[in-house]
Amino acid sequence: MPVLRNRRLWAGVAMAALALSFAGTGQASAADINNAKNAGFESGLTNWTCTAGSGTTVSSPVHSGAAALKGTPAGQDNAQCSESVAVKPNSTYTLSAWVQGGYSYLGVTGTGTTDVSTWTPDTTSWKQLSTTFTTGASTTSVSVYTHGWYGQAAYYADDISVYGPDGGGGSDPAPTVPATPTGVSVSSTTSSSVSLAWSAVSGATGYNVYQSGTKVTAVTGTSATITGLAASTSYSFQVTATNSAGESGKSTAVTGTTTATGGGGGGTLPKHAVTGYWQNFNNGATVQKLSAVSSQYDIIAVAFADATSTPGAVSFTLDSSGLGGYTVDQFKADIAAKHAAGKKVIISIGGQNGTISVSDSTSATNFANSVYSLMQTYGFDGVDIDLENGINATYMTQALRSLSSKAGSSLIITMAPQTIDMQSTSNAYFQTALNIKDVLTVVNMQYYNSGTMLGCDGKVYGQGTVDFLTALACIQLQGGLSPSQVGLGLPASTSAAGSGYVSPTIVNNALDCLTAGTNCGTFKPSKTYPDLRGAMTWSTNWDAAAGSSWSNSVGAHVHALP
């Protein structure tokens, strides 16, 4: 949301079958190996050199084992990390690595023939890069490297492999069967799901989850959510660790009991609802107290919470001076008054400049605990996820399920992803929304400050039209979200966003097209969605600055939908 408006895969595989090569002496060649050393960064940056101190090792995310490389580009440095690898002359090698995060490059120099490289744009899950190279007649070592790109987000790399004839430098030891997982616990429950978490196991590349002795899912992280369960029922779960060497024994069993009631989150909301962001700062829009926010808004998202020095944790400080002396007591009283009027007030996390990161189990716990504390302190009804610098689907899911377990079925959870975040169900935002579908209230995607995007029909659409709204909403509706969990997010005026403003008439036409099949543009959905939740705007302040034209028109239209 703009203020103007992110098995230790033994990278050398098991020994290949011995290949006989009858040279003059009739001696057989050695089997191919992974010639990279410290290929999984289990020994920190040993054998690796990173430019300008740009590299470090982290415990999460990892592709396997207990560590991975994190490279952070800064200024004119692209965070290149390299290692000198011993190779055999006149030989062919396969170079590969698993990467995640920002733009990621993998390459090799000094081959004596043609140096090669490969790359991928940013990715929210682990992806393998692979290429091949051939050494020259006198080449005995090469330099293997990874790097990111200038001005882009940090990248992660793990399980580097330079697979081919033994260059004489040795290799990392083969993996052994990992130990049995410990610390298995139930982190949260709903009426139809149980979420589990456990401690990482060194050398594991994945984990299997068993329900009453039957394997029900396999994951790469240290948490999992088992869905499709019956309400008010107890289930037994165990976890095993896996890698290329095999599977560990089963962990000690834990019992998770589902809650009595379920359904999507949101407590008591109208069938069709309007969400508006309220600015806890003065940026030229009308300064408002919550009491001045139009009654057309059913959900008011307070923008924004602040990051703290504790990973994942958030806080909130009312900008009393910037809001004309608005006091905390007045703020709390206004929240209570909105509740009395049947409205919901939630705390928004993120925004254009938001820096909150939930990237492991600890930060997920900190996030849930701190948000719940704010709910208790101020009377917030829930949380809005508006992290525009990327999210980790695994741990944000864990955090929101933990929060749901604390707050109960009345919890409001909204999300405000950018258009690029909802183009595919493989994107982290979309994954998170589907992961928490049983407790999710609504996703109000931002249909502004966007480039051209694909619609559900595979055609390209530009912002500012009915078709852009309907064809992109269709992706969410066909991708697994309930119609009641889909809203249209638009700026309240031309001043509220850099681009993408459309008149309230276009918003209303898009709502009609999706709910009733009328007032469509060239794109018409294959079916109608009469339960569509409604619309959202940035912001109530910019709406007020424009004479409340957005809420008076769109708000009234949403509430009049059948």
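Above this text you will find the structure in question.
Our subject in this report is the structure included herewith.

Side note on the overall build of the chain
Inference 1: Looking only at helices and strands, the chain features 8 helices and 31 strands.
Inference 2: Taken against the 2.2 N^0.38 rule, which gives 24 Å for 562 residues, the C-alpha radius of gyration of the chain at 26 Å falls within 12% of a compact globule.
Inference 3: Overall size of the chain, expressed as C-alpha extent along the three principal axes, is 90 × 50 × 50 Å.
Inference 4: Averaging the positions of the 22 positive and the 28 negative side-chain charges in the chain gives two centres separated by 8 Å.

Some details on the packing of helix H2 (residues 361-378) against helix H3 (residues 393-407)
Inference 1: Axis separation between H2 and H3 bottoms out at 8 Å; the angle between their running directions is 35°. For the pair H2 and H3, the crossing hand works out as right-handed. When H2 is examined against H3, the residues Ser361, Ala364, Thr365, Phe367, Ala368, Asn369, Val371, Tyr372 and Met375 are found in contact with a partner set consisting of Tyr395, Met396, Gln398, Ala399, Leu400, Ser402, Leu403, Lys406 and Ala407.
Inference 2: For the contact of H2 with H3, the class distribution of residues is 12 nonpolar, 5 polar and 1 charged.

A few points about the pattern of salt bridges
Inference 1: Going through the model one piece at a time under the given rule, you end up with 3 salt bridges.
Inference 2: For the salt bridge of aspartate 531 with lysine 271, the shortest nitrogen-to-oxygen distance reads 3.2 Å. With aspartate 531 in the loop between helix H6 (504-516) and strand E31 (534-538) and lysine 271 in the loop between strand E19 (254-257) and strand E20 (273-279), this pair connects stretches of sequence that are 260 residues apart.
Inference 3: Residue class for lysine 271 comes out partly exposed when judged on its relative accessible area of 44%.
Inference 4: Among the salt bridges present, the one from aspartate 438 reaches arginine 401, with a minimum N-O distance of 2.6 Å.

Topic: the layout of surface pockets
Inference 1: Roughly 960 Å³ of internal volume is contained in the second largest pocket.
Inference 2: Lining the second largest pocket we find 40 residues, and of these Thr220, Gly221, Thr222, Ser223 and Thr394 sit closest to its centre.
Inference 3: Contributing elements (two or more residues each) for the lining of the second largest pocket: strand E9 (123-134), strand E13 (194-197), strand E15 (214-219), strand E16 (223-226), H3 and helix H4 (428-435).
Inference 4: No other element matches the 5 residues that H3 contributes to the lining of the second largest pocket.
Inference 5: Per-class residue counts for the lining of the second largest pocket are 14 nonpolar, 25 polar and 1 charged.

Quick notes on the sheet that holds E13
Inference 1: A sheet is described by the order of its strands in space; here 3 strands give the open sequence E12-E13-E16, paired in antiparallel fashion. Two strands close off the open sheet at either side, each with one partner strand: strand E12 (185-189) and E16. Averaged over neighbouring strand pairs, the angle between their axes works out to 25° when direction is ignored.
Inference 2: Both E13 and E16 contribute to a ladder of 4 bridges, which runs antiparallel. Note on E16: the bridge partner recorded for alanine 197 is serine 223.
Inference 3: Each of E12, E13 and E16 is contacted by H3, which is oriented at about 70° to E12, the strand it contacts most.

Side note on helix H1 (residues 328-340)
Inference 1: End to end, H1 covers 18 Å across 13 residues, agreeing with the expected 18 Å (1.5 Å per residue, within 8%).
Inference 2: By the burial criterion, the buried members of H1 are Phe331, Asp334, Ile335 and Lys338. Each buried residue of H1 sits inside an arc of 105° when the element is viewed along its axis, so together they form one side. Residues of H1 that are exposed and angled more than 90 degrees away from the buried face: Asp329 and Ala340.

Observations regarding the state of the cysteines
Inference 1: Per the counting criterion, the structure on display carries 3 disulfides.
Inference 2: The connectivity of the disulfide-linked cysteines in the chain, indexed sequentially, is 1-2, 3-4, 5-6.

Re the nonpolar core
Inference 1: Counting residues in each nonpolar core, the largest one holds 97 residues, and the members touching the most others are Trp278, Phe331, Ile347, Ile349, Phe367, Phe380 and Val383.
Inference 2: Beyond its immediate sequence surroundings of up to four residues, isoleucine 347 is in contact with Val302, Phe304, Ala305, Phe316, Val371, Leu374, Phe380, Gly382, Val383 and Asp384.

A word on the sheet that holds strand E8 (residues 116-120)
Inference 1: Pairing is antiparallel in the open sheet, where 5 strands are placed in the order E2-E5-E10-E7-E8. Two strands close off the open sheet at either side, each with one partner strand: strand E2 (49-50) and E8.
Inference 2: Sheet topology places strand E5 (residues 81-86) next to strand E10 (residues 141-147); 6 bridges connect them, and they run antiparallel. The residue of E10 that forms the bridge with serine 82 is tyrosine 145.

Focus: the pairing of E19
Remember that side chains alternate between the two faces of the sheet whenever the strand is regular.
Inference 1: Because side chains alternate across E19, one face comprises the buried residues Val254 and Gly256, and the other comprises Thr255 and Thr257, none of which is buried.
Inference 2: As paired elements, strand E17 (residues 234-243) and E19 share 4 bridges and run antiparallel to each other. Along E19, the bridge assignment pairs tyrosine 235 with glycine 256.

Brief notes about the pairing of E5
Inference 1: Inspection of the sheet shows E2 paired to E5 by 2 bridges, in the antiparallel sense. Considered in E5, the bridge of cysteine 50 is made with cysteine 81.

Remarks on the side chain of arginine 401
Inference 1: Turning to its location among the elements, arginine 401 is positioned in helix H3.
Inference 2: For arginine 401, a relative accessible area of 2% translates into the label buried.

Observations regarding the packing of aromatic side chains
Describing an aromatic ring pair means giving the distance of the ring centres and the angle of the ring planes.
Inference 1: On inspection of all chains with the given rule, the structure shows 22 aromatic pairs.
Inference 2: Centre to centre, the rings of phenylalanine 281 and tryptophan 538 are 6.4 Å apart; their planes meet at 25°, and the pair counts as stacked. Here the residue phenylalanine 281 occupies a position in the loop between E20 and strand E21 (299-303), and tryptophan 538 occupies one in strand E31, the gap between them amounting to 257 residues. The two residues phenylalanine 281 and tryptophan 538 agree in class, both being buried.
Inference 3: Taking NZ or CZ as reference, lysine 250 lies 4.4 Å from the ring centre of tyrosine 210, over its face.

What counts and what doesn't
- In this numbering scheme, every chain counts its residues from 1 along its sequence in written order.
- Local features in this predicted model are restricted to residues of pLDDT 70 or higher, and side-chain atom pairs are both shown and tallied only at a pLDDT of 80 or more, whereas totals for entire chains, interfaces and linings draw on every residue.
- To obtain the side-chain values, all non-hydrogen atoms of the structure were included, while hydrogens and water were left out.
- Helix numbers and strand numbers start at the N terminus; a helix is a DSSP run of H or I with at least 4 residues, a strand a run of E with at least 2.
- Each radius of gyration reported is based on C-alpha atoms, and the globular scaling rule is 2.2 Å times the count of residues to the power 0.38.
- Residues counted as positive are Lys and Arg, residues counted as negative are Asp and Glu, and His and the chain ends are not counted.
- By convention, the charge on Lys lies at NZ, on Arg at CZ, on Asp at CG and on Glu at CD.
- A fitted line through C-alpha atoms represents every axis, and for helices the fit uses only the stretch in contact; the resulting angles, taken between N-to-C directions, go from 0 to 180 degrees.
- Left-handed is the label given to a crossing in which the near helix is rotated counterclockwise from the far helix by less than a right angle, and right-handed is the label when the rotation is clockwise.
- The contact rule is simple, with two residues in contact once any of their heavy atoms fall within 4.5 Å.
- Residue polarity follows a fixed list, in which Ala, Val, Leu, Ile, Met, Phe, Trp, Tyr, Cys and Pro are nonpolar, Asp, Glu, Lys and Arg are charged, and the others, Gly among them, are polar.
- The term salt bridge refers to a side-chain nitrogen of Lys or Arg lying within 4 Å of a carboxyl oxygen of Asp or Glu.
- For the exposure calls, accessible area comes from a 1.4 Å probe over protein chains only, and a residue counts as buried if that area is under 20% of its type's maximum, exposed if over 50%, partly exposed in between.
- Buriedness of a pocket was judged along seven lines, with at least five required to meet protein on both sides within 12 Å; pockets are open sets of points on a 1 Å grid over the protein atoms alone, cavities are sets where a 1.4 Å probe fits but cannot get out, and lining residues have an atom within 4 Å of a point.
- Grid points are joined across faces, edges and corners, and a volume is the space filled by probe spheres set on the points.
- At least two DSSP bridges between two strands are required for those strands to pair.
- The length a helix should cover is 1.5 Å for every residue beyond the first.
- The directions from the helix axis to the C-beta atoms are what the arc is built from.
- Any two cysteine sulfur atoms lying within 2.5 Å of each other are counted as a disulfide.
- Buried Ala, Val, Leu, Ile, Met, Phe, Trp, Tyr and Cys residues that are joined via side-chain atoms within 4.5 Å together make up what is termed a nonpolar core.
- Each Phe, Tyr or Trp ring, with Trp reduced to its six-membered ring, pairs with another whose centre is within 6.5 Å; inter-plane angles below 30 degrees give stacked pairs, above 60 give edge-to-face pairs, and intermediate values give tilted ones.
- Here, a charge over a ring is recorded when the distance from Lys NZ or Arg CZ to the ring centre is within 6 Å and its angle to the ring normal is within 35 degrees.

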